[in-house]
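Working through the structure, step by step
Each chain is listed here by its residues.
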Amino acid sequence: MTTSSEQGRELVEMAWDPITRIVGSLGVYCKIDFANRQVAECYSTSSIFRGYSIFMKGKDPRDAHFITSRICGICGDNHATCSVYAQNMAYGVRPPHLAEWIINCGEAAEYMFDHNIYQENLVGVDYCEKMVRETNPGVLAKAERTEAPHAEDHGYKTIADIMRSLNPLEGDFYREALAMSRLTREMFCLMEGRHVHPSTLYPGGVGTVATVQLFTDYMTRLMRYVEFMKRVVPMHDDLFDFFYDALPGYENVGRRRVLLGCWGSLNDPDHCDFTYENMGDWGRKMFVTPGVIVDGRLVTNDLVDINLGIRILLGSSYYDDWVGATDPFVTHDPLGNPVDIRHPWNQHTIPRPQKRDFTDKYSWVMSPRWFDGKDMLALDTGGGPIARLWSTALNGLVDIGYVKSTGHSVLINLPRTATKPEKTFEWKIPTYKGEPLSNALERNRARSYFQAYVAACALHFAEQGLNEVRQGRTQTWEPFTVPDEAISCGFTEAVRGVLSHHMVIRNGKIANYHPYPPTPWNASVRDSYGTPGPYEDAVQNTPIFEENSPENFKGIDIMRAIRSFDPCLPCGVHMYLGEGKLLRTLHSPHAFTAP
Amino acid sequence: MTTPTKSATSKQRKQEEPVIHILWMNAGLSCDGDSVALTAATQPSIEDIVLGVFPGLPKVAVHWPLIDYESGPMQGADAFIEWFFKAARGELDPFVLVVEGSIPNESLKREGYWTGFGNNPDTGQPMTVPEWLDRLAPNATGIIAAGTCATYGGIHAMAGNPTGAMGVADYLGWDWRSKAGLPIVNVPGCPIQPDNLSETVLYLLYQLAGQAPMIPLDQALRPTWLFTATVHEGCDRAGYYEQGQFATEYGTPECLVKIGCWGPVVKCNVPKRGWMNGIGGCPNVGGICIACTMPGFPDKFMPFMDEPPGAHVSSTISEAYGSVIRTLRGFTFRTVDKEPKWRRKGRELLTGYKAPWS
Ligand code: SF4
Ligand code: SF4
């Protein structure tokens, strides 16, 4: 809204608040250097506080998954699942194998649904013909002339045809994807009852009645999705490769140092016993392998290390510190390792509502960090898929035929479907000029590949589940009792990345419960050490390719950078943009500059 | 979300034909699950409504954060929030306001905000949901509260909450009427059953076009055709209930009442309608009914996995039909169909949470 000179640069403030086409409300406030076509500074802010950790205190621990599902309206079931995992650990219960296959089928359907609707109906619009025409007419002209390399696979002759198919409502692919997002939600409802807050998930297993029909209904839909994937993956490869080609330097849009976290997902019932003591081992057996990746190198794949490294910093958020004010709930984990006072087990949430001030506190999002023994790393999830594929690829542990990790890539083998033959896709770790690359386009590309990956995994899960039923092992739930005292944790991957739930039970009631979904990691603010959060970091220094002048500026490159992280969190990123005729008429400077 | 290829000018020209704007505010205390659920609706789907596939349906322009094309900077090109300012200034008529999420009590504290939606141009601070309601409600032709949070407070309004959350009607008043004489329309559900909401929107559009009479609502402002029957009345396990066959473990086909199902006293059509396209649901597919549509949700139904008090009486005498059971249930009904008393306006927080800022 205001123009200022800093170090001789003309900076224009602009804000996007709320950002549309994400789940929840997020705002981004930026200072933009139009002369040098670059974002100079960025602040992200979340505009909502609900207080789950506060109102869960004193409640029955068995209510935890019903309550925490309501944290998120698009991946609530990931929360319910994670909560059930944490409860299983606390109650010492191991569900029947069939229950685990049913949960895996349900969670796989969630990934298939959510990545699909987000990629095509929310992110896709940023790359549609209408948007490109309004932001980069030169690029559209080139797209009209460029033949799609995989036209034979997906049926669109030119890149511009792909873009047109993504136009909201009018585009045929846009509509097809929306319909597909319903089919996959039906698959989800078969396994978990309702989307998005499941009705059939319980600690100890599921209430779903497992019959042959359950798996038939699931498989017939899954095979249609597998066929769909054979078009989706090559089509997105063509689209994203074209952007690199048409706009040299697009590698730097939304680029950030490779600091990725993946907590692993989809347990293998043969190995997962839900004990803390064995967590490192059964974590490595997950169908998506956990890992922390720094500059392209795997730092650890041990869930115990991952757990103990989590720190919650307050930094620029509206909370009072608990350190010094309270005693820790947990001093040592069940293996005898010391637990930090800033670990979620020991966290207290003490809200302190106040004015938003970008020079001090400006968000309801805290700053989760991962301590590697030396530094407090601001890990991101890249929206989920890029971290999951990267970790799975580097670990080289998964091999179930339908998917296989090679140590440097992931192979996805899709069987023959109604009109298409067998097909193998390979996701390779992205690099640019010899360096590992984590940027907007690669986050998006990984999303399409992960859809195919998880569809292939789902084939395995459904086959295993059906086999249990055929063998007559139809029990889906194991009884348990709630202990008076316990500590526990659950780890999985929400659709958009890392998810952990930490619980402390005292006197048979919840004494402490802290869930950490992906968006606090990604949308976190400048922490106590001044380190910016991932969105802020990725948008800062993003080059601007949009052809519009400041008056008509949409901020499309910034929006592409932000949306590549798949922001979700009933939370806000606000971005700020100034100049332009309307903006100058403003009398008061905005909160961005005003204290 | 208007028809996409129109340029800005042709959009303005379009406004001369009667267009009903739907302003969707997702900034209440919610999870956005009702927005997401609506994309699952098929009877009708959102495409059906926006593209106007029904005869006689008025033209609509939907301003919905979840899938809106517009995503420009505030006060710049294509700013989404501008529609809300227009409506507040009285420059958008007619419009229906959809509220998603509960209304936090913003008067509990000296400063700051629990939730914001855009900025207040006078202060540069986030504009709160009560501020928006105060500005928009007088100009709205209708208000729909979507989901249990917006209707009655829901999960974020449970005992011990710090924000003093409540439903839209708790905030605006249960006897609130729009300038066109419409009460608030409540579509509860956590989240809403997709078609329940899209169908209610469809009904209201027909009503605003003068083609349908006043929408029939019960005392909790729910559409009667959706929320009169109980879960139990629509449940395909009721045969087991009648035969006295009760599950003691999850995952079996019998009646779930002894392991936590509240179906007999809950108004909801999900077991009958299914979750989407007739698939999924709750007790019909093995999930206990936790009463997510009810004004008393969640407090009056927790712990969810225990047998509801009184269920035992009614299930042991389930062979005895008629007035006995109905009288017993009538008693429970009246309690669970009411919100807990702390969900209301005022400067005091009555949820049991001790505010560190006070
Ligand atoms: S499962 Fe619930 S709704 Fe169904 S018959 Fe039993 S008590 Fe009624
Ligand atoms: S059956 Fe019960 S839990 Fe299921 S949607 Fe209806 S009220 Fe909610």
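Please read these numbers as outputs of a predicted model, since none were measured by experiment.

1. A word on the overall build of chain A
Helix and strand counts for chain A come out as 18 helices and 20 strands. Here chain A has a C-alpha radius of gyration of 23 Å; the compact-globule value for 595 residues is 25 Å, and the two agree. Seen through its principal axes, chain A has C-alpha atoms that stretch 70 × 65 × 40 Å. Residues counted as buried form 64% of the 595 residues belonging to chain A. For chain A, restricting intrachain contacts to residue pairs at least 6 apart in sequence, the fraction spanning at least 24 positions comes to 74%.

2. Points about the overall build of chain B
Assigned secondary structure in chain B consists of 13 helices and seven strands. Residue burial in chain B is summarised as follows: out of 358 residues, 52% are buried. The long-range share in chain B, meaning contacts at least 24 apart out of those at least 6 apart in sequence, stands at 71%.

3. Considering the UniProt feature "domain: Cytochrome-c3 hydrogenase C-terminal" (unreviewed entry) in chain B
With numbering matched to this structure, UniProt assigns "domain: Cytochrome-c3 hydrogenase C-terminal" (unreviewed entry) to residues 227-304 of chain B. Its end C-alpha atoms 21 Å apart, residues 227-304 of chain B is made of 13% helix and 0% strand.

4. Some details on the sheet that holds strand 19 (residues 497-506) of chain A
All names here are of chain A. Here three strands make up an open sheet; going across it, the order is 18-19-20 and the pairing antiparallel. Here the strands that pair on one side only, and so sit at the sheet edges, are strand 18 (486-494) and strand 20 (509-516). Neighbour-to-neighbour, the strand axes of the sheet open up by a mean angle of 15 degrees, direction not taken into account. Summarising the sheet, strand 19 and strand 20 pair through seven bridges and their orientation is antiparallel. When the sheet's bridge partners are listed, Ser-500 is paired in strand 20 with Tyr-516.

5. Describing the confidence of the model for chain A
Predicted coordinates in areas of low pLDDT are best not read in detail. Chain-level pLDDT for chain A is 90 on average; 92% of the residues reach the 70-or-more range. The low-confidence segment residues 570-595 of chain A (pLDDT under 50) makes 111 contacts with residues lying over four places distant or belonging to another chain.

6. Focus: the UniProt feature "binding site: Ni(2+)" (unreviewed entry) in chain A
Residue and element names in this part refer to chain A. Sites flagged by UniProt as "binding site: Ni(2+)" (unreviewed entry) map to Cys-72, Cys-75 and Cys-568. With respect to the helices, strands and loops of the structure, Cys-75 is situated in the loop between helix 2 (64-69) and helix 3 (76-91). Exposure remark for Cys-75: the 34 C-beta atoms within 10 Å place this residue in the buried category.

7. Focus: the packing of helix 9 (residues 172-192) of chain A against helix 10 (residues 212-246) of chain A
All names here are of chain A. Between helix 9 and helix 10, the shortest axis-to-axis distance is 10 Å and the interhelical angle comes to 155 degrees. Relative to helix 10, the element helix 9 lies roughly antiparallel. Crossing handedness for the pair helix 9 and helix 10: left-handed. Contacts from Met-180, Leu-183, Thr-184, Glu-186, Met-187, Leu-190 and Met-191 in helix 9 reach Leu-214, Asp-217, Tyr-218, Arg-221, Leu-222, Arg-224, Tyr-225 and Phe-228 in helix 10. Per-class residue counts for the contact of helix 9 with helix 10 are ten nonpolar, one polar and four charged.

8. Here we look at the site of ligand 2
Close to ligand 2 lie 13 residues, the nearest being Cys268(B), Val270(B), Cys282(B), Cys289(B) and Cys292(B). More than one chain reaches ligand 2: the nearby residues come from chains A and B. Of the residues contributing to the shell around ligand 2, the split by class is ten nonpolar, three polar and no charged.

9. Observations regarding the site of ligand 1
Taken together, 14 residues are adjacent to ligand 1, and Cys235(B), Cys255(B), Cys261(B), Gly263(B) and Pro283(B) come closest. For the shell around ligand 1, the residue count by class is eleven nonpolar, two polar and one charged.

10. As for the environment of Gly315(A)
All names here are of chain A. Inspection of the secondary structure puts Gly-315 in the loop between strand 10 (310-313) and strand 11 (367-371). Taking the C-alpha atoms as reference points, Gly-315 and Ala-561, 246 residues apart in sequence, are found 24 Å from one another. Ignoring any residue separated from it by four or fewer positions in sequence, one finds Gly-315 in contact with Ser-367, Val-525, Arg-526, Asp-527 and Ser-528.

11. Points about helix 14 (residues 440-470) of chain A
Residues and elements named next belong to chain A. Spanning 31 residues, helix 14 covers 45 Å between terminal C-alpha atoms, matching the ideal 45 Å at 1.5 Å per step. Burial runs high along helix 14: 26 of the 31 residues are buried. With its phi angle positive at about 85 degrees, Gly-472 sits one or two positions after the end of helix 14.

12. Structural notes on the pairing of strand 9 (residues 297-300) of chain A
All names here are of chain A. As paired elements, strand 8 (residues 291-294) and strand 9 share three bridges and run antiparallel to each other. Across the sheet, the residue bridging to Val-294 is Arg-297, located in strand 9. Hairpin connection of strand 8 to strand 9: two residues between the antiparallel strands, including Asp-295 at a positive phi of 50 degrees.

13. Some points on the sheet that holds strand 11 of chain A
All names here are of chain A. An order of 10-11-12 is seen for the three strands of this open sheet, with the pairing classed as antiparallel. At either margin of the open sheet sits one strand with a lone partner, and together these are strand 10 and strand 12 (376-377). Relative to strand 12, strand 11 runs antiparallel, the two sharing two bridges. Of the residues in strand 12, the one forming a bridge with Trp-370 is Leu-377.

14. Topic: the UniProt feature "binding site: [3Fe-4S] cluster" (unreviewed entry) in chain B
All names here are of chain B. According to UniProt, the "binding site: [3Fe-4S] cluster" (unreviewed entry) feature falls on Cys-289 and Cys-292. Residue Cys-289 is classed as buried on the basis of its C-beta count, with 31 C-beta atoms lying within 10 Å. The contact partners of Cys-289, leaving out residues within four places of it in the chain, are Val-231, Cys-261, Trp-262, Gly-263, Val-266, Cys-282 and Pro-283. When you line up the elements, Cys-292 lands in the loop between helix 11 (270-273) and helix 12 (311-316). Residues in contact with Cys-292, not counting those within four places in the same chain, are Thr-148, Gly-189, Cys-190 and Phe-297.

15. Focus: helix 10 of chain A
The end-to-end C-alpha distance of helix 10 of chain A, which contains 35 residues, comes to 51 Å, matching closely the 51 Å that a straight helix rising 1.5 Å per residue would cover. Its maximal kink placed at Phe228(A), helix 10 of chain A deviates by approximately 25 degrees.

16. With respect to the environment of Thr128(B)
Residues and elements named next belong to chain B. Along the chain, Thr-128 turns up in strand 5 (residues 126-128). Exposure remark for Thr-128: the 22 C-beta atoms within 10 Å place this residue in the buried category. Distance in space between the C-alpha atoms of Thr-128 and Ala-27 is 8.5 Å, their sequence separation being 101 residues. Ignoring sequence-local partners within four residues, the contact set of Thr-128 consists of Glu-106, Tyr-113, Thr-115 and Gly-116.

17. A short note on the pairing of strand 8 of chain A
When strand 7 (residues 259-262) of chain A meets strand 8 of chain A, the two strands line up antiparallel, connected through four bridges. Residue pairing across strands places Gly261(A) opposite Val292(A), the latter belonging to strand 8 of chain A.

18. Examining the nonpolar core
Residue and element names in this part refer to chain A. Counting 278 residues, the largest nonpolar core has Tyr-453 and Cys-457 as the members making the most contacts within it. With 16 residues, helix 14 is the single largest residue contributor to this core. Apart from the residues lying within four places of it in its own chain, the contact partners of Cys-457 are Ala-108, Leu-266, Phe-287, Tyr-402 and Val-403.

19. What to know about the environment of Pro328(A)
All names here are of chain A. When you line up the elements, Pro-328 lands in the loop between strand 10 and strand 11. Look at Pro-328 and you get partly exposed, because 16 C-beta atoms sit within 10 Å. Through-space distance from the C-alpha of Pro-328 to that of Leu-169 is 53 Å; in sequence the pair is 159 residues apart. If we skip the residues at most four places from it in the chain, Pro-328 touches Ile-341 and Asn-346.

20. Digging into unusual backbone geometry
A cis amide bond links Asp93(B) with the next residue in sequence, Pro94(B), at an omega value of -5 degrees. Inspection of the secondary structure puts Pro94(B) in the loop between helix 4 (82-88) and strand 3 (95-100). Its identity is not glycine, yet Arg37(A) carries a phi of approximately 50 degrees, on the positive side. Mapping Arg37(A) onto the fold places it in the loop between strand 3 (26-33) and strand 4 (38-46). Accessibility expressed as a C-beta count within 10 Å gives 13 for Arg37(A), which makes it partly exposed. The backbone phi angle of Leu169(A) is positive, close to 60 degrees, even though this residue is not glycine.

The rules behind each value
Residues numbered from 1 in each chain as written. Chains lettered and ligands numbered in written order. Predicted model: local features only at pLDDT ≥ 70, side-chain atom pairs only at ≥ 80, totals over all residues. Helix = DSSP H or I, 4+ residues; strand = E, 2+ residues; numbered from the N terminus. Rg over C-alpha atoms; globule rule 2.2 N^0.38 Å. Buried ≥ 20, exposed ≤ 12 C-beta atoms within 10 Å, placed from the backbone. Contact = placed C-beta atoms within 7 Å. UniProt positions renumbered as here; feature names shortened; annotations may be inferred. Pairing = 2+ DSSP bridges. Axes fitted to C-alpha atoms, helices over the stretch in contact; angles between N-to-C directions. pLDDT = per-residue confidence, 0-100. Parallel < 35°, antiparallel > 145°, perpendicular 65-115°, else oblique. Left-handed = near helix turned anticlockwise from the far one by under 90°. Nonpolar A, V, L, I, M, F, W, Y, C, P; charged D, E, K, R; others polar. Near = placed C-beta within 6 Å. Expected span 1.5 Å × (residues − 1). Bend = angle between axes of the 7 residues up to and from the residue. Core = buried A, V, L, I, M, F, W, Y, C linked by C-beta atoms within 7 Å.

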